[in-house]
Amino acid sequence: MTTDTLEALAEDRLNKGLLNLWYPVLPSWAVQGAPVGITRLSQNIVVWRDADGQVHAIEDRCPHRGARLSMGWNLGDRLACWYHGVEVDGTGTVVDVPAVNDCPLVGQSCVKSYPAEERNDAIFLYFGDALHAEPPALDLPEQLTSDEYSAFLCTAIWKCNYRYAVDNVMDPMHGAYLHAQSHSMAFGDKQADMRVRKTDTGFIFEKTGQKDVNFDWVEYGESGAIWLRLSIPYRKQHGPGGSFYIIGFATPMDENHTQVFFWRVRKVQGWQRDVWRFLYRNRLEGLHWAVLEQDRVVLERMAPDARGHEFLYQHDVGLSRLRRVMEKQAHSQVAALNDAAPAEAAE
Ligand code: FES
Ligand SMILES: [Fe+2]
């Protein structure tokens, strides 16, 4: 395969989403009794809960003739296709073909299944390639795993490629401009010098002269999933708990749609936790939606080829660094697949 073809495959991989990672794909509440059909990383997937409430995810394609399994029935331990009733379990194996006696299709593993984990009110799926079928451990940031913190999940679908959503979070300086008229980002310098600092799981991009005033730092980390973390200080009237943390994920749906997941977190215990949860639901959540809408409208209205016509400056060092990290991963993913099986990699 030529270098140009590998380049093109890597760019395609990057636009659809890097593999061999966990991604949040739905909030838990979105999957109740009926199967749910979704597109993530440009793959059609059906997500459902078995009779014990356990989540399963398999390719949304009936092995018989390709109808969407998400249009069928949840039978508790399997899905039944609406078209001719073929039944498929959570491993992607056909368990019954009710229309035919002794059908050879029974017992065959025909569709791909996705490792699934439910964490912090969201369903995470693992997207492995042919060389990485086994998922790595999913280690989420302490704001989501320690019970010293209290979080709310906020999720939305944006009509843009996920790479723009990632760039947006890796860009703290937009807080002082785009969100200047907000409850949390109206203060601090309109100028900054910024630097990059390495961490065990990635790096922090931060303002050198200002901390805890506005959106002053952001962290990229990779620990089974790619996550972004930042904090914004809250003023006294917004209740106990100190800085407000956001743990963010941008999950590619297809090349033009992204589902963003933002956990909004404060370090609060006891009665202060109740105050935070009450204040959030009654007052703060609405204010944060207004901020998030500002991000959404700017990103959705950017030219589709915006990335091809940029003049970056010092404040964009964080996002350029992360772009390079992700480009490198995309290259090594397609190169490894190509080395293992050149014909399949080209498909
Ligand atoms: S297409 Fe699903 S049973 Fe025929
Ligand atoms: Fe923003």
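It should be emphasised that the depicted structure is a prediction, and the values quoted were computed from it without experimental measurement.

*Asks:* Please clarify how the coordination of the iron ion (ligand 2) should be interpreted in this entry.
*Replies:* Bound to the iron ion (ligand 2) are the protein donor atoms His174 (NE2), His179 (NE2), Asp295 (OD) and Asp295 (OD), situated 2.1 to 2.5 Å from the metal. Taken together, the four donor atoms coordinating the iron ion (ligand 2) and their angles of 56 to 147° define a geometry best described as irregular. Between consecutive donor residues of the iron ion (ligand 2), the sequence gaps follow H-x4-H-x115-D. When sorted by exposure, His174 lands in the same class as His179, which is buried.

*Asks:* Got a minute to help me understand helix 1 (residues 3–16) in this structure?
*Replies:* One turn of an α-helix holds 3.6 residues; hence residues three or four places apart share an orientation. An ideal rise of 1.5 Å per residue puts 20 Å on 14 residues; helix 1 measures up with 20 Å between its terminal C-alpha atoms. Taken together, the buried positions of helix 1 are occupied by Leu6, Leu9, Ala10, Arg13, Leu14 and Asn15. Positive backbone phi, approximately 125°, marks Gly17, located one or two places after helix 1.

*Asks:* Would you explain the sheet that holds strand 10 (residues 116–119) in this entry?
*Replies:* Across a sheet, strands are paired by hydrogen bonds formed along the backbone, either parallel or antiparallel in direction. Taken together, the three strands give an open sheet; going across it, the order is 1-11-10, and neighbouring strands pair in antiparallel fashion. Edge positions in the sheet fall to strand 1 (21–27) and strand 10, since each has one partner strand and no second. Direction aside, neighbouring strands of the sheet carry axes that sit 35° apart on average.

*Asks:* Would you take a moment to explain the sheet that holds strand 7 (residues 87–89) for this structure?
*Replies:* Strand order in the open sheet made by the four strands is 5-6-7-8, with antiparallel pairing throughout. In this open sheet, the two strands that pair with only one neighbour each are strand 5 (73–74) and strand 8 (94–96). Where strand 6 (residues 78–80) meets strand 7, three bridges bridge the pair, whose relative direction is antiparallel. Looking across to strand 7, one finds that Ala80 is bridged to Glu87.

*Asks:* Hey, could you run me through the pairing of strand 11 (residues 122–127) in this one?
*Replies:* In regular strands, side chains alternate between the two faces of the sheet. Of all six residues in strand 11, six are buried, a share of seventy percent or more. Two elements, strand 1 and strand 11, share six bridges in a ladder whose sense is antiparallel. By the bridge assignment, Tyr23 is partnered in strand 11 with Leu125. Here strand 10 pairs with strand 11 via four bridges, running antiparallel. Within strand 11, the position partnered with Arg119 by the bridge is Ala122.

*Asks:* I tried to follow the domain arrangement of the protein on my own but got confused; where do I start?
*Replies:* It is common to report an interface's size as the accessible area lost on association of the parts. Under the domain assignment, the protein is made up of domain 1 (17–127) and domain 2 (142–327). Put simply, the middle of domain 1 and the middle of domain 2, counted by C-alpha atoms, are 32 Å apart. With 18 residues of domain 1 in contact, the opposing surface of domain 2 contributes 19 residues. In this assembly, domain 1 packs against domain 2 so that about 1,500 Å² is buried in total across both faces, 64% of it on carbon and sulfur atoms. The tally of links between domain 1 and domain 2 comes to zero salt bridges. Remark: the boundary between domain 1 and domain 2 carries eight residue pairs in polar contact (both at pLDDT 80 or more). Mapped by element, the contributors of at least two residues to the side of domain 1 that touches domain 2 are strand 1, strand 2 (36–40) and strand 11. For the side of domain 1 that touches domain 2, the leading source of residues is strand 1, giving seven residues.

Rules behind the numbers
Residues numbered from 1 in each chain as written. Chains lettered and ligands numbered in written order. Predicted model: local features only at pLDDT ≥ 70, side-chain atom pairs only at ≥ 80, totals over all residues. Heavy atoms only, no water. Donors = N, O, S within 2.8 Å, 3.2 Å for Na, K, Ca; no water. Tetrahedral: all angles 85-135°; square planar, octahedral: opposite > 155°, others 65-115°. Buried < 20%, exposed > 50% of the residue type's maximum accessible area, 1.4 Å probe, protein only. Helix = DSSP H or I, 4+ residues; strand = E, 2+ residues; numbered from the N terminus. Expected span 1.5 Å × (residues − 1). Pairing = 2+ DSSP bridges. Axes fitted to C-alpha atoms, helices over the stretch in contact; angles between N-to-C directions. Domains from an automatic or database assignment. Contact = heavy atoms within 4.5 Å. Buried area = accessible area lost by both parts, 1.4 Å probe. Salt bridge = Lys/Arg side-chain N within 4 Å of Asp/Glu carboxyl O. Polar contact = N/O pair within 3.5 Å; in protein donor to acceptor, adjacent residues only side chain to side chain.

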